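Given next are the chains, with one letter for each unit.
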Amino acid sequence: MTVTRKMERAAVGKTIDEVLKYVNKDREKHLLNLVDLVEKLAGDMFQEKTYAGARALIQQQDGKWMGYINCLLDEVNPHVLRTTVLNLGYEAAFQGTKTIRRMRKEHQCNIPWVMLLDPTSACNLHCTGCWAAEYGHKLNLSYELLDSIITQGKELGVYFYMYTGGEPLVRKKDLIRLCEKHNDCAFHAFTNGTLVDDDFCREMVRVGNLSLSLSLEGFEEVNDGRRGNGIFQKVLGAMDLLKKYGLIFGTSICYTRANVQTVTSDEFLDLIIGHGCRYSWYFNYMPVGNAAVKELIPTVKQREYMYRRIREIRGREGGKPIFVMDFQNDGEFVGGCIAGGRNYLHINANGDAEPCVFVHYSSANIKEVSLLEALKQPLFMAYRENQPFNGNHLRPCPMLENPEILQRMVHETGARSTDLQSPETVEHLCGKCVEYAREWGVKAEELWEENPHHREYFQNYKETYK
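It should be emphasised that the depicted structure is a prediction, and the values quoted were computed from it without experimental measurement.

1. A look at the layout of surface pockets
Then, number 1: Computed from the structure, the second largest pocket encloses a volume of approximately 200 Å³.
Then, number 2: As for the second largest pocket, its lining consists of 13 residues, and the residues nearest its centre are Arg 257, Lys 294, Glu 435, Tyr 436 and Glu 439.
Then, number 3: Per element, the largest residue contribution to the lining of the second largest pocket is four residues, and it comes from helix H17 (residues 434–450).
Then, number 4: Split into classes, the residues belonging to the lining of the second largest pocket amount to five nonpolar, two polar and six charged.

2. Section: the pairing of strand E3 (residues 186–191)
Then, number 1: Where burial is concerned, most of E3 is hidden: six out of the six residues are buried.
Then, number 2: The two faces of E3 match: Ala 186, His 188 and Phe 190 on one face and Phe 187, Ala 189 and Thr 191 on the other face are all buried.
Then, number 3: Across four bridges, the pairing between strand E2 (residues 160–163) and E3 is parallel. Bridging across to E3, Tyr 161 finds its partner in Phe 187.
Then, number 4: For the crossover that starts at E2, traverses helix H7 (residues 172–181) and ends in the parallel E3, the hand is right-handed.
Then, number 5: The parallel pair E3 and strand E4 (residues 210–215) is bridged by helix H8 (residues 198–207), and the resulting crossover is right-handed.

3. Brief notes about the packing of helix H6 (residues 143–156) against H7
Then, number 1: Following both chains from N to C, one finds H6 and H7 inclined at 35 degrees, their axes separated by 11 Å at the closest point. The crossing of H6 and H7 is right-handed. Seen from H6, the contacting residues are Tyr 143, Leu 146, Asp 147 and Ile 150; seen from H7, they are Asp 174, Arg 177, Leu 178 and Lys 181.

4. What to know about the pairing of strand E6 (residues 279–284)
Then, number 1: Within E6, six of the six residues are buried, which leaves it mostly tucked inside the rest of the structure.
Then, number 2: Every second residue of E6 is oriented toward a common face, with Tyr 279, Trp 281 and Phe 283 on one face and Ser 280, Tyr 282 and Asn 284 on the other, all of them buried.
Then, number 3: Where strand E5 (residues 249–255) meets E6, five bridges bridge the pair, whose relative direction is parallel. Bridge pairing in E6 links Ile 253 to Tyr 282.
Then, number 4: The parallel pair E5 and E6, bridged by helix H11 (residues 266–274), forms a crossover whose chirality is right-handed.
Then, number 5: When E6 meets strand E7 (residues 323–326), the two strands line up parallel, connected through four bridges. Of the residues in E7, the one forming a bridge with Tyr 282 is Asp 326.

5. Observations regarding the pattern of salt bridges
Then, number 1: According to the stated counting rule, one finds 31 salt bridges in the structure shown.
Then, number 2: Between Arg 82 and Asp 17 there is a salt bridge, and its shortest N-O distance comes to 2.7 Å. In this pair, Arg 82 is assigned in helix H5 (residues 78–107) and Asp 17 in helix H1 (residues 3–21), connecting sequence segments 65 residues apart.
Then, number 3: For Arg 82, a relative accessible area of 28% gives the class partly exposed.

6. Some words on the packing of aromatic side chains
Each aromatic ring pair is summarised here by two numbers: the centre-to-centre distance and the angle between the ring planes.
Then, number 1: Here the structure, examined in full by the defined rule, presents 16 aromatic pairs.
Then, number 2: Judged by centre distance (6.3 Å) and plane angle (65 degrees), the ring pair of Phe 327 and Phe 358 falls under edge-to-face. A residue pair is termed long-range when its members are at least 10 positions apart, and Phe 327 in the loop between E7 and strand E8 (344–347) and Phe 358 in the loop between strand E9 (353–354) and strand E10 (361–362) qualify at 31 residues.
Then, number 3: Classification of Phe 327 by relative accessible area gives partly exposed; the value is 27%.
Then, number 4: Put simply, the rings of Phe 190, Trp 281, Phe 283, Phe 327, Tyr 344 and Phe 358 touch in pairs and so form one group of aromatic residues.
Then, number 5: The residue whose ring lies beneath Arg 177 is Tyr 143, and the NZ or CZ to ring-centre distance is 3.6 Å.
Then, number 6: We note Arg 311 situated over the ring of Tyr 307; from NZ or CZ to the ring centre the distance is 3.8 Å.

The rules behind each value
- Residues numbered from 1 in each chain as written.
- Predicted model: local features only at pLDDT ≥ 70, side-chain atom pairs only at ≥ 80, totals over all residues.
- Heavy atoms only, no water.
- 1 Å grid on protein atoms, 1.4 Å probe; cavity = no way out; pocket = protein on both sides within 12 Å on 5 of 7 lines; lining within 4 Å.
- Points joined across faces, edges and corners; volume = space filled by probe spheres on them.
- Helix = DSSP H or I, 4+ residues; strand = E, 2+ residues; numbered from the N terminus.
- Nonpolar A, V, L, I, M, F, W, Y, C, P; charged D, E, K, R; others polar.
- Buried < 20%, exposed > 50% of the residue type's maximum accessible area, 1.4 Å probe, protein only.
- Pairing = 2+ DSSP bridges.
- Right-handed = clockwise from strand over helix to strand, strands pointing away.
- Axes fitted to C-alpha atoms, helices over the stretch in contact; angles between N-to-C directions.
- Left-handed = near helix turned anticlockwise from the far one by under 90°.
- Contact = heavy atoms within 4.5 Å.
- Salt bridge = Lys/Arg side-chain N within 4 Å of Asp/Glu carboxyl O.
- Phe/Tyr/Trp six-rings, centres within 6.5 Å; stacked < 30°, edge-to-face > 60°.
- Lys NZ or Arg CZ within 6 Å of the ring centre and 35° of its normal.

As structure tokens, this is what we get:
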């Protein structure tokens, strides 16, 4: 780390300390000072309206989102909050982004902002329809290999790492070791929540740079019907523990044709907010795997409901005091598909570097090649050449909404199925999406016309780094 970077990090840290020190006095003043410092450091990395919007939000002391920020300042452990802002904000969003942009131009390939890693395929549960279970039993990325991936990632500017699985907390001792060694990175784990206990919470507080998303599918009957008896109450208990220790956590929710209304209802949101959730990731059901049930894909009407409901929940007025994200329907804010290394990639427990957690094809294994070589594999380069896959970013995915494109890319690049139990042909996978893609395409065009200002994201991102 350069002297300048150390000084910048120290300045950001000092400003955060002032905010935390005066949590009950001059909070507005010190938050505005933080925005001023960010603008001084980041400059035109963000638009002027972004800084103006942040100041307006802070000055609206009785507003919904200022209430949300006040809640974080009052309830989250100060060390956890400080480390999160420094690592996710300063290192990943600011310094990391600058490095990533330079590396994309230098190497002429996609460089991600976040990497998803599967430490293990092992799990203490066996949930019905879980795509992770398709990989087989008890595959692992060693601590040394995980450490190497993260070290290589930081050289490219990547300071944010997410763990999936399997159940990543099966390897929680190694995850904490990685948090310790790479204490300038932000880490996040998607977990079923059943392995969260007091000892682990204390370790999370100590390192300060690990957050969690706990999986839920609805209320007790529906959730336990898929995950097993008693799991719902265990998850709520884990939330209560995490809240008690002042940790940052949220939920990870797969919405299907069967539960879409439930998991976005006021009653459900009030429940998870009451137990301390700060955010929720929503994922559209993907028919991945030979045994997948395509009838669980939400209907066009249900997806339109999700599109509007998510925006209602997180609106400046009304909604709920929780930040919600929809992996599929928020494509308009990130320029379409972010996979294939454009903003993220997935490395499974066997070491296969895949473009997406839902697209199980690859021609590179991290045990055999470097991270940079994996990012330059033919399939990832095909992603780069073709992104965005649709000018309408409400149709972002090369599988779900543009199935003909994934088929073509897999055939042209010779990528192989990474499913070790029951390899699925790309024709079989994409064939389950053809009818849905056609029907959703009509509605997506209607919705896209409602928001013409998002058309600025039409650009093919590789053109930026010629």
